[in-house]
Amino acid sequence: MGSAKAKNISNAARKARIEEMRRADQARERRNRVLAIGGSVVAVAALVVGVVLVAQSQDDGDGGGSATSDAKSDGHFTTGADGVKTWKGTLSRNHVTKTVQYPTEPPVGGDHNQVWMNCNGNVYTKPLNNMNAVHSLEHGAVWVTYTGKAAKADIEALGAKVRKTPYTLMSPDDKQADPIMLTAWGHQRTVKSASDPDVDAFFEKFVQGEQTPEPGAACTGGLSQ
């Protein structure tokens, strides 16, 4: 009983911390908008030049020749008794500009774009660039994906859950093996429906969970469709 009480206290503390980070994200986003509006044309031009120079520098440092690279994520999945697959091996975390070929779909980690997809309960209606979504996973987000075989009712119910949950995002992915999949950094599972109890269990464990490489990093201020 004491263990259950301690777990409940821990979960409540984590939820409070996530909500506080969400408020900080929103404040940061408002502040950034004000700064952007107040910036001069000269400053914007200088920023564009700087971005170009950084991109060129990254391209030069990336080896130049090929337009793609692998994720440098050697390893394999092992499946636990709870049905969650855990990646055993290396998941590199470099920011790259070239297209990354990931060994899994959806990917569970690896090299990625320097800009993340917004994951503050964002529900996207078009497939995402994996390289941006992986950056969201690095920030501790859970990524819900589905194919055209998923029931409309399940898609709607999952969307409603994501919208009210900070550090989550959702998008279609017809390249994945199963109709509904849940992904976190280094972890993944298939669920049968939106009402599957494994959905809540996965969210509870992996939204800003212990697997997060960059806990507390922003889930706003990135890309949106």
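Everything numeric in this text was worked out from a predicted model, so none of it was measured. (Residues numbered from 1 in each chain as written. Predicted model: local features only at pLDDT ≥ 70, side-chain atom pairs only at ≥ 80, totals over all residues. Heavy atoms only, no water.)

> Teacher, can you tell me more about the packing of helix α4 (residues 152-163) against helix α5 (residues 197-206) here?
The geometry of a pair of packed helices is captured by two quantities: the angle between their axes and the separation between those axes. Between α4 and α5, the shortest axis-to-axis distance is 13 Å and the interhelical angle comes to 25°. When the axis of α4 is compared with that of α5, the two are roughly parallel. Relative to α5, the crossing made by α4 is right-handed. From α4, Leu158, Lys161 and Val162 reach across to α5, where they touch Val199, Asp200 and Phe203. Of the residues belonging to the contact of α4 with α5, the class tally is four nonpolar, no polar and two charged. (Axes fitted to C-alpha atoms, helices over the stretch in contact; angles between N-to-C directions. Helix = DSSP H or I, 4+ residues; strand = E, 2+ residues; numbered from the N terminus. Parallel < 35°, antiparallel > 145°, perpendicular 65-115°, else oblique. Left-handed = near helix turned anticlockwise from the far one by under 90°. Contact = heavy atoms within 4.5 Å. Nonpolar A, V, L, I, M, F, W, Y, C, P; charged D, E, K, R; others polar.)

> Could you clarify how one ought to interpret the state of the cysteines in this entry?
Applying the stated criterion across every chain, the model contains one disulfide. A sulfur-sulfur separation of 1.7 Å characterises the disulfide bridge that pairs Cys119 with Cys219. Looking along the S-S bond of the Cys119-Cys219 disulfide, the torsion reads about -90°, which is the left-handed sense. With Cys119 in the loop between β4 (99-101) and β5 (120-123) and Cys219 in the segment after α5, this pair connects stretches of sequence that are 100 residues apart. Classification of Cys119 by relative accessible area gives buried; the value is 0%. A relative accessible area of 0% places Cys219 in the buried class. (Disulfide = S-S within 2.5 Å. Buried < 20%, exposed > 50% of the residue type's maximum accessible area, 1.4 Å probe, protein only.)

> Which parts of the structure should I look at to understand helix α3 (residues 130-138)?
One full turn of an α-helix is made of 3.6 residues, so residues set three or four places apart face in the same direction. Counting buried residues in α3 gives nine out of nine residues, a clear majority hidden from the surface. For α3, the full list of buried residues reads Asn130, Met131, Asn132, Ala133, Val134, His135, Ser136, Leu137 and Glu138. Among the residues of α3, the N-terminal cap falls to Asn129, whose side-chain oxygen and the backbone nitrogen of Met131 are separated by 2.8 Å. Phi turns positive, to about 95°, at Gly140, one or two residues after α3. (Polar contact = N/O pair within 3.5 Å; in protein donor to acceptor, adjacent residues only side chain to side chain.)

> Looking at this structure, I do not really get the side chain of Asp196. What am I missing?
One can find Asp196 in the loop between β9 (187-190) and α5. Buried within the structure, Asp196 lacks any salt-bridge partner; its nearest side chain of opposite charge belongs to Arg189, at an N-O separation of 5.5 Å. At 2.9 Å, the side chain of Asp196 and the backbone nitrogen of Asp198 are in polar contact. (Lys, Arg positive; Asp, Glu negative; His and termini not counted. Salt bridge = Lys/Arg side-chain N within 4 Å of Asp/Glu carboxyl O.)

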